[in-house]
Amino acid sequence: MRVLEGHAQDIPPVWMMRQAGRYLPEYREVRAKAGGFLDLCFNPELAAEVTLQPIRRFNFDAAILFSDILVMPLALGRKVEFLAGEGPKLEPMKDAAALSDLRDRVDHDVLAPVYETVRRVKAGLPDNTTLIGFCGAPWTVATYMVAGEGTSDQAPARLFAYRDPENFKRIIDRLVHGSIEYLVGQLKAGADCVQIFDTWAGILPPEQFDRWCMEPTEKIVAGVRAQVPGAKIIGFPRGAGAMALPYVEVTGVDAIGLDWMFPRSLAHDILQPRVPIQGNVDPLALLAGGTALDREVDDVLTMADRPLIFNLGHGILPETPIAHVEQMLKRVRG
């Protein structure tokens with residue numbers, strides 16, 4: 001939280017995206033007990049347990065709520081399921097007619113278990129450990145809602161946005177309003193800050209990036225702060241590249257998460273004077289371990305003279321050895 005206020009730390013705080021996950025044997029045990037993936041997300045006792053597991057094992061400086069970005073379509077009345085080995089499956093929204101089934105407001109009964117998870121995690125965390133809530137950015141969530149699944153280039157949503165921007169905006173607007181309510185609910189339940197994951201931001205050309213990534217994020221940031229003044233918000237527009245600086249300037253986020261493809265010299269010289277940055281170890285370097293990981297860690301730490309949250313450039317890979325995470329933490333913390 002000190003870094004989000006703009007203060008560099010001698011040893012940067014550390015957490016990892018997807019730090020509660022399949023690389024941990026204790027997670028796999030709970031996951032097997034829970035049933036389906038969404039059963040785990042909506043079971044406050046078990047979701048709180050897996051959120052806390054990496055804190056107990058590694059003493060990370062932050063816990064991130066265990067949930068999924070696709071709880072938002074569920075709360076807006078869409079069917080969502082996770083099939084083993086196939087990932088998420090939704091009812092596709094191929095045209096404007098599908099909008100008739102989309103709720104105007106989120107169903108907070110659907111989201112109530114998530115808020116309860118936040119309360120339980122907050123109660124179980126050490127006082128010096130931050131709790132991060134999150135949501136998926138409207139563009140990224142919309143890509144799954146339109147296609148009904150993840151695709152290699154999310155072309156269905158891109159085509160919808162080009163062919164029928166008015167109705168695509170209606171989907172985005174519902175997600176903006178729902179995301180504001182969802183993040184405010186998490187903050188009021190005990191989250192210290194929140195992150196907006198825009199995993200598919202990088203596939204948009206500049207004009208579309210402005211319309212479908214930056215503008216909705218700006219509205220979410222303003223909407224959350226209207227209800228929770230001073231709320232700290234991290235944006236993660238994966239693949240933003242040259243649009244990272246406009247993203248920071250337009251959206252008003254308190255920090256920007258960077259993927260592993262973003263040049264660190266540019267991040268240090270152009271972004272960090274404006275906002276703290278978060279990232280950006282290549283998850284494959286963490287998987288590789290050894291000297292490759294040491295070099296990657298040291299390179300990220302060249303940015304630690306300015307406000308930095310040490311993290312990965314995307315989620316940890318399930319096959320990553322625990323020993324490599326320990327190696328990374330030892331090197332960061334000296």
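Computed from a prediction, not measured in an experiment: that's the story for all the values here.

S.K.: Teacher, can you tell me more about the UniProt feature "site: Transition state stabilizer" (unreviewed entry) in the protein chain here?
M.R.: Under the present numbering, the feature "site: Transition state stabilizer" (unreviewed entry) in UniProt falls on Asp68. Structurally, aspartate 68 can be placed in the loop between strand S1 (62–64) and helix H4 (71–75). For aspartate 68, a relative accessible area of 17% puts it in the buried group. Those residues in contact with aspartate 68 that sit more than four places away from it in its chain are Phe37, Cys41, Phe82 and Phe134.

S.K.: Explanation requested: the pattern of salt bridges in the structure shown.
M.R.: Opposite charge on two side chains permits pairing when their charged atoms draw close. Under the criterion given, the structure shown has 18 salt bridges. Across the pair arginine 225 and aspartate 254 runs a salt bridge, and its minimum N-O distance is 2.6 Å. Taken as a pair, arginine 225 in helix H9 (residues 206–227) and aspartate 254 in the loop between helix H10 (244–251) and strand S7 (255–257) lie far apart in primary sequence, 29 residues in all. Under the relative-accessibility criterion, arginine 225 is labelled partly exposed at 25%. Note on aspartate 254: relative accessible area 14%, which makes it buried. As a salt-bridge pair, arginine 264 and aspartate 299 come within 2.8 Å of each other at their nearest N and O atoms.

S.K.: Explain the side chain of serine 67 to me, please; I cannot follow it from the model alone.
M.R.: On the secondary structure map, serine 67 appears in the loop between S1 and H4. Here serine 67 is in contact with Phe37, Cys41, Val114, Phe134 and Tyr182, once residues within four sequence places are set aside.

S.K.: What should I look at first to understand the UniProt feature "domain: Uroporphyrinogen decarboxylase (URO-D)" (unreviewed entry) in the protein chain in this one?
M.R.: UniProt feature "domain: Uroporphyrinogen decarboxylase (URO-D)" (unreviewed entry): in the numbering of this structure it lies at residues 13–22 and 132–148. Each end of residues 13–22 is marked by a C-alpha atom, and these two atoms are 23 Å apart; helix forms 0% of the span and strand 0%. Taken end to end, residues 132–148 comprises 59% helix and 29% strand; its first and last C-alpha atoms sit 28 Å apart.

S.K.: Got a minute to help me understand the packing of helix H7 (residues 155–163) against helix H8 (residues 165–189) in this structure?
M.R.: Each pair of packed helices gets described by two things: the angle between the helix axes and the distance between those axes. Orientation of H7 relative to H8, taken along the N-to-C sense of each, is 120 degrees, at an axis distance of 5 Å. In terms of their interaxial angle, H7 and H8 are classed as oblique. Here Ala157, Phe160, Ala161, Tyr162 and Arg163 of H7 come into contact with H8, specifically with Pro165, Asn167, Phe168 and Ile171. Of the residues assigned to the contact of H7 with H8, the class counts are seven nonpolar, one polar and one charged.

S.K.: What exactly am I supposed to notice about the pairing of strand S8 (residues 277–281) here?
M.R.: Looking along a regular strand, one sees the side chains alternate between the two faces of the sheet. Of all five residues making up S8, five are buried, and the element is well covered by its neighbours. Pairing analysis gives two bridges linking S7 to S8, with the strands arranged parallel. Considered in S8, the bridge of isoleucine 256 is made with isoleucine 277. Of the crossover connections in this fold, the one passing from S7 over helix H11 (residues 264–271) to the parallel S8 is right-handed. For S8 and strand S9 (residues 308–312), the ladder comprises five bridges, and the chain directions are parallel. Bridge pairing in S9 places valine 281 opposite leucine 312.

S.K.: What should I look at first to understand the packing of aromatic side chains in this one?
M.R.: The relation between two aromatic rings is expressed through the spacing of the ring centres and the mutual angle of the planes. Applying the stated criterion to the full structure yields twelve aromatic pairs. Each ring, one from phenylalanine 37 and one from phenylalanine 82, has its centre 4.8 Å from the other, and the planes form 55 degrees; the classification is tilted. Of this pair, phenylalanine 37 sits in helix H2 (residues 37–41) while phenylalanine 82 sits in strand S2 (residues 80–83), and the two are 45 residues apart along the sequence. Residue class for phenylalanine 82 comes out partly exposed when judged on its relative accessible area of 24%. Aromatic rings pair up to connect Tyr27, Phe37, Phe66 and Phe82 into one cluster.

Conventions adopted
Residues numbered from 1 in each chain as written. Predicted model: local features only at pLDDT ≥ 70, side-chain atom pairs only at ≥ 80, totals over all residues. Heavy atoms only, no water. UniProt positions renumbered as here; feature names shortened; annotations may be inferred. Helix = DSSP H or I, 4+ residues; strand = E, 2+ residues; numbered from the N terminus. Buried < 20%, exposed > 50% of the residue type's maximum accessible area, 1.4 Å probe, protein only. Contact = heavy atoms within 4.5 Å. Salt bridge = Lys/Arg side-chain N within 4 Å of Asp/Glu carboxyl O. Axes fitted to C-alpha atoms, helices over the stretch in contact; angles between N-to-C directions. Parallel < 35°, antiparallel > 145°, perpendicular 65-115°, else oblique. Nonpolar A, V, L, I, M, F, W, Y, C, P; charged D, E, K, R; others polar. Pairing = 2+ DSSP bridges. Right-handed = clockwise from strand over helix to strand, strands pointing away. Phe/Tyr/Trp six-rings, centres within 6.5 Å; stacked < 30°, edge-to-face > 60°.

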